[in-house]
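Chain by chain, the residues:
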Amino acid sequence: ADKNDFIEAVRASNYDVVVIEPYFRQRQPFTPEEINAMKYKKNGTRRQLLARFSVTEAKDTDYYWNNSWKIGSPDWLVRASFVEPRGVITRYWDNEWKNYMSRYFQGIIKSGYDGAFLTGLENHRYFENLREKGLLFPCYCTRSQLHNVNAPHLSDGTYVYAGTCRNLTEEQ
């Protein structure tokens, strides 16, 4: 189905709330006119139209995705998603990621959606579990220090962290 077919299918329903991806097939934005048209049910009454907004994950199909990105680069792309086949869990507290998401959210609101349906909120559990196991800690190594370490590498060439900062105290 093309974009117009999708819009007409939404309009032909009588759901009170509809949650959609803010971009058709993750690449083509809906115009404010198209968004406004989807806000009305088949019976002519108004509905809430929300844009799906993942706070803690990025997908390689998202419009803002940079083709050079991969897990670990940028460093706030942490691991494969548990639920999204093409998703990557982010360090959602990282300032660069927050800037991306802030611009993305502003675009959703300016486009005319009634709001955002937030997803990915359960990913904090992943990081809490790492912290409880002592596997989440600040690292002060530079990227070049991490890449130059004679640490083991996985078969895909990914560096394995040597643990340099694992046992540092806050004072060190």
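Structural notes, computed from the coordinates. Please read all numbers here as calculations on a predicted model, not as lab measurements.

## So, empty space enclosed by the protein
Point 1. This model, assessed by the stated rule, comprises 1 cavity of 30 Å³ or more.
Point 2. Contributing to the lining of the largest cavity are E21, R52, F53, S54, E57, K59, D62, Y64, E84, M101 and Y104.
Point 3. Where the lining of the largest cavity is concerned, the elements lending two or more residues are strand 4 (48-54), strand 5 (57-59) and helix 3 (95-111).
Point 4. Top contributing element to the lining of the largest cavity by residue count: strand 4, with 3 residues.

## Observations concerning the pairing of strand 7 (residues 87-90)
Residues in a regular strand point their side chains to alternate faces of the sheet.
Point 1. Every second residue of strand 7 is oriented toward a common face, with G87 and I89 on one face and V88 and T90 on the other, all of them buried.
Point 2. Relative to strand 7, strand 5 runs antiparallel, the two sharing 3 bridges. Counterpart to E57 in the pairing with strand 7 is I89.
Point 3. Pairing analysis gives 3 bridges linking strand 6 (residues 77-80) to strand 7, with the strands arranged antiparallel. Looking across to strand 7, one finds that R79 is bridged to I89.
Point 4. Between strand 6 and strand 7, which pair antiparallel one after the other, the connecting turn spans 6 residues.

Calculation notes
- Residues numbered from 1 in each chain as written.
- Predicted model: local features only at pLDDT ≥ 70, side-chain atom pairs only at ≥ 80, totals over all residues.
- Heavy atoms only, no water.
- 1 Å grid on protein atoms, 1.4 Å probe; cavity = no way out; pocket = protein on both sides within 12 Å on 5 of 7 lines; lining within 4 Å.
- Points joined across faces, edges and corners; volume = space filled by probe spheres on them.
- Helix = DSSP H or I, 4+ residues; strand = E, 2+ residues; numbered from the N terminus.
- Buried < 20%, exposed > 50% of the residue type's maximum accessible area, 1.4 Å probe, protein only.
- Pairing = 2+ DSSP bridges.

Interpretation note: all reported values are geometric properties and have no functional meaning in isolation.
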